[in-house]
Amino acid sequence: MAGSEVKVLGTWASPFALRVHIALGIKSVKYEWVEENLEAKSQLLLESNPINKQVPVLIHHHKPICESLAILQYIDEAWPSAPSILPSDPHHRAVARFWAAYIDHKLFTWLKGVASAEGAEGKKVALDQVREGLVVVEAAFWKCSKGRDFFSGAGIGYLDIVLGCFLGWLYVAEKRNDVKLLDEEKMPGLAAWAIKFCQHGAVKDVMPDKDELLDYANMVFQAMPKLNGQCPS
Amino acid sequence: MASGSVADQEGKVMLLGFWFSPFVKRVEWALKFKGVEYDYVEQELTNKSTLLLTSNPIHKKVPVLIHNGNPIAESLVIMEYIDETWKQNPILPQDPYERAMARFWANFIEQKVTEPARDALLSQGEQQEKKVKELKEAMEVVEGEAKAKLNDKTLFFGGENGVGYVDIVLGWTCNWMETVEEVGGFKVLDPESQPQFHKWMANFREVPFIKPTLEPTEKLVEYFRMLRQARLGLVANK
């Protein structure tokens, strides 16, 4: 069966696993999704990713690929027919990779920081940092999209996927802290982009329901108040 | 984006760097491996040029590669750009699965070796101990991978093609790890428990386009000692 050639080990709440869902959807690749329990990791996960023991893992022809950004690029290269995930021009690819690194190393770190921040002042500083990061990405959005719907142009691509997977967790941070982060006034481009992204055919059926994510986050943070909201990568 | 002089920049390659930066060195190794001519422009850490600030306004850091007037930042991003723009002497493997493995290992090295090493260099006490422990654990993994992939015929992680992406990403250890140890006051390198890694380091240092670029350890130690003192001095004064 064609679907069993491609397996994804992930969790429904993981934004990094969501990236893989979306990318395979863009390429119309059939795959088997294996929902992992991070409290009791499967033998398959431990064998497929012995170094980090984390999701997501893509298994193709029995070979495991780990790290969501490496997986996205693998999907683009292993299934090279259109639509492409990364642009074809090397400079545009470099710009996309630069912003993916910013989103993962800066913006996501700051978003995690909101959950682990202590006290009202600490929370405010952490939230302001996320907002500043979003303002920077708003500017990048206008440069990359050149007035079109998505970072990649008319259709979704690498940067859309890399940022879009965090929309649910941004919503969680907004609700738990009673603030607006993705502000239509300060970031009109990203606000409009977010709506279109969530409605996209390759996204809408795989994106977790944001209120379910909120319930899950509330449960996790209540059970372990010191947990810093680590999302598996 | 460069203003006005884009036409002048056609085909030109410029690299903005610091002589002591392992991230800059990686990019130089990639360019030299490909035989790409470039102009190197030394920057000042405390007096950053307008060119650097406009080329990398987000991070204001080196390395920055400027090609055809377009700036590219982040050493791993630059390396992939170089590989895609100049096709001779491929740095990354051709096969998608092998490329994914190379990218996985590059990410592992950055997160688990490079960053903890830098943090250990610029910290002390409990904070430093934590980072040194992380670094030692990561080096065990690196030794494991070296044992699995390297032998008398396969000297580098690039396999039958010789030096490759993972070698260049890990290569900073060959010139800087001893410096970081000496300045930071800790030990991570151990020829007895890391024999394969030490063989790889010795081979990497002898690669003809790598060897002349290596900085004398005394020079690096002097510079990083100053950096560490400045950083710890700042922290103590807060």
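Everything below is about the structure shown above.
Residues numbered from 1 in each chain as written. Chains lettered and ligands numbered in written order. Predicted model: local features only at pLDDT ≥ 70, side-chain atom pairs only at ≥ 80, totals over all residues. Heavy atoms only, no water.

Student: I would appreciate a short explanation of the overall build of chain A in the present structure.
Tutor: Per the secondary structure count, chain A includes 9 helices and 4 strands. When the helices and strands of chain A are listed from N to C terminus, the series reads β-α-β-α-β-β-α-α-α-α-α-α-α. The globule rule puts the C-alpha radius of gyration for 233 residues at 17 Å, and the 17 Å found for chain A is close to it. Dimensions of chain A along its principal axes, counting C-alpha atoms only, are 55 × 45 × 30 Å. Counting all 233 residues of chain A, 51% fall into the buried class. Sequence separation of 24 or more characterises 68% of the internal contacts of chain A that already satisfy a separation of 6 or more. Counting only carbon and sulfur atoms, one obtains 54% of the accessible surface of chain A, whose full area is about 10,800 Å². (Helix = DSSP H or I, 4+ residues; strand = E, 2+ residues; numbered from the N terminus. Rg over C-alpha atoms; globule rule 2.2 N^0.38 Å. Buried < 20%, exposed > 50% of the residue type's maximum accessible area, 1.4 Å probe, protein only. Contact = heavy atoms within 4.5 Å. Areas by Shrake-Rupley, 256 points an atom, 1.4 Å probe, with all protein chains shown as cover.)

Student: How do you make sense of the interface of chain A and chain B when you look at a structure like this?
Tutor: By a widespread convention, an interface's size corresponds to the accessible area lost as its parts come together. Listed as interface residues are 24 residues of chain A and, on the opposing side, 27 residues of chain B. Regarding the contact of chain A and chain B, the summed buried area is about 2,100 Å², with carbon and sulfur atoms giving 68% of it. In terms of surface lost to chain B, no three residues of chain A exceed Ile 51, His 91 and Phe 98 of chain A, which account for 26% of the buried area on that side. Remark: the boundary between chain A and chain B carries 5 salt bridges. Across the chain A-chain B interface, the total number found is 8 residue pairs in polar contact (both at pLDDT 80 or more). Among the elements that take part in the side of chain A that touches chain B, helix H4 (residues 90-116) of chain A stands out by supplying 10 residues, more than any other. Considering only residue class, the side of chain A that touches chain B consists of 13 nonpolar, 5 polar and 6 charged. (Buried area = accessible area lost by both parts, 1.4 Å probe. Salt bridge = Lys/Arg side-chain N within 4 Å of Asp/Glu carboxyl O. Polar contact = N/O pair within 3.5 Å; in protein donor to acceptor, adjacent residues only side chain to side chain. Nonpolar A, V, L, I, M, F, W, Y, C, P; charged D, E, K, R; others polar.)

Student: What's the story with the sheet that holds strand S2 (residues 32-35) of chain A in this structure? I'm lost.
Tutor: Whenever strands of a sheet pair, they do so through backbone hydrogen bonds, lying parallel or antiparallel. Residues and elements named next belong to chain A. The strand order across the open sheet built from 4 strands is S2-S1-S3-S4, with neighbouring strands paired in mixed fashion. Each edge of the open sheet carries a strand with a single partner, namely S2 and strand S4 (63-66). Here the average twist between neighbouring strands, direction ignored, is 20°. Those strands touched by helix H1 (residues 15-26) are strand S1 (6-10), S2 and strand S3 (57-60), and its axis lies near 155° from that of S1. (Pairing = 2+ DSSP bridges. Axes fitted to C-alpha atoms, helices over the stretch in contact; angles between N-to-C directions.)

Student: How should helix H4 (residues 96-121) of chain B be read in this particular structure?
Tutor: Helix length check: H4 of chain B, at 26 residues, gives a terminal C-alpha distance of 36 Å against a target of 38 Å (1.5 Å per residue), a fit within 8%. Of the residues that open H4 of chain B, the one with a side-chain oxygen 3.1 Å from the backbone nitrogen of Tyr 97 of chain B is Asp 95 of chain B. (Expected span 1.5 Å × (residues − 1).)

Student: Before we go on, may I ask you to explain the pattern of salt bridges in this structure?
Tutor: Pairing of side chains with opposite charge becomes possible as their charged atoms draw close. In this structure the tally under the stated criterion is 28 salt bridges over all chains. Between Arg 93 of chain A and Glu 84 of chain B there is a salt bridge, with its nearest N and O atoms 3.0 Å apart. In this pair, Arg 93 of chain A sits in helix H4 while Glu 84 of chain B sits in helix H3 (residues 75-85), so the two residues belong to two different chains. Pair check on accessibility: Arg 93 of chain A and Glu 84 of chain B agree, each one buried. Across the pair Lys 124 of chain A and Asp 128 of chain A runs a salt bridge, and its minimum N-O distance is 2.9 Å. One end of the pair, Lys 124 of chain A, and the other, Asp 128 of chain A, are both in helix H5 (residues 119-145), 4 residues apart, so they sit about a helical turn from each other. According to the relative accessible area criterion, Lys 124 of chain A is partly exposed, its value standing at 47%. Ionic contacts of the salt-bridge type, sharing partners, join the residues Glu 77, Arg 93 and Arg 97 of chain A together with Glu 80, Glu 84, Arg 99 and Arg 103 of chain B into one network.

Student: Sorry if this is basic, but what is going on with a negative patch on the surface here?
Tutor: Residues and elements named next belong to chain A. On the surface, Asp 209, Asp 211, Glu 212 and Asp 215 cluster together into a negatively charged patch. Its place among the elements puts Asp 209 in the loop between helix H8 (188-199) and helix H9 (210-223). Look at Asp 209 and you get partly exposed, because its relative accessible area is 40%. (Patch = residues over 30% accessible without salt bridge, like charges linked within 9 Å, V, L, I, M, F, W, Y side chains within 5 Å. Lys, Arg positive; Asp, Glu negative; His and termini not counted. Charge placed at Lys NZ, Arg CZ, Asp CG, Glu CD.)

Student: Where do I start with the sheet that holds strand S3 (residues 64-67) of chain B in this structure?
Tutor: Residue and element names in this part refer to chain B. As summarised here, the arrangement of the 4 strands in space is S2-S1-S3-S4, forming an open sheet in which the pairing is mixed. In the strand order of this sheet, the two ends are held by strand S2 (39-42) and strand S4 (70-73), each with one partner. Pairs of neighbouring strands in the sheet enclose a mean axial angle of 20°, with direction left out of account. As defined by bridge partners, strand S1 (residues 13-17) adjoins S2 across 4 bridges and the pair is classed as parallel. Residue pairing for S2: Gly 17 is matched across the bridge by Glu 42.

Student: What is the right way to look at unusual backbone geometry in this model?
Tutor: Trans is the prevailing form of peptide bonds, just as negative phi is the prevailing case for residues other than glycine. Here the bond from Val 55 of chain A into Pro 56 of chain A is cis, since omega is 0°, no more than 30 degrees from zero. Relative to the assigned elements, Pro 56 of chain A resides in the loop between helix H2 (43-48) and S3. Following Val 62 of chain B, the chain continues to Pro 63 of chain B via a peptide bond in cis, the omega torsion being 0°. Among the structural elements, Pro 63 of chain B can be located in the loop between helix H2 (50-55) and S3. Backbone geometry places Lys 53 of chain A, a non-glycine residue, at a positive phi of 55°. Structurally, the position occupied by Lys 53 of chain A is in the loop between H2 and S3. Given a relative accessible area of 38%, Lys 53 of chain A falls into the partly exposed group.

Student: Would you explain the pairing of S2 of chain A in this entry?
Tutor: Working note: regular strand, side chains alternate between the two faces of the sheet. All names here are of chain A. Here S1 pairs with S2 via 4 bridges, running parallel. Paired with Lys 7 across the strands is Glu 32, a residue of S2. With H1 bridging S1 and the parallel S2, this β-α-β connection has right-handed handedness. (Right-handed = clockwise from strand over helix to strand, strands pointing away.)

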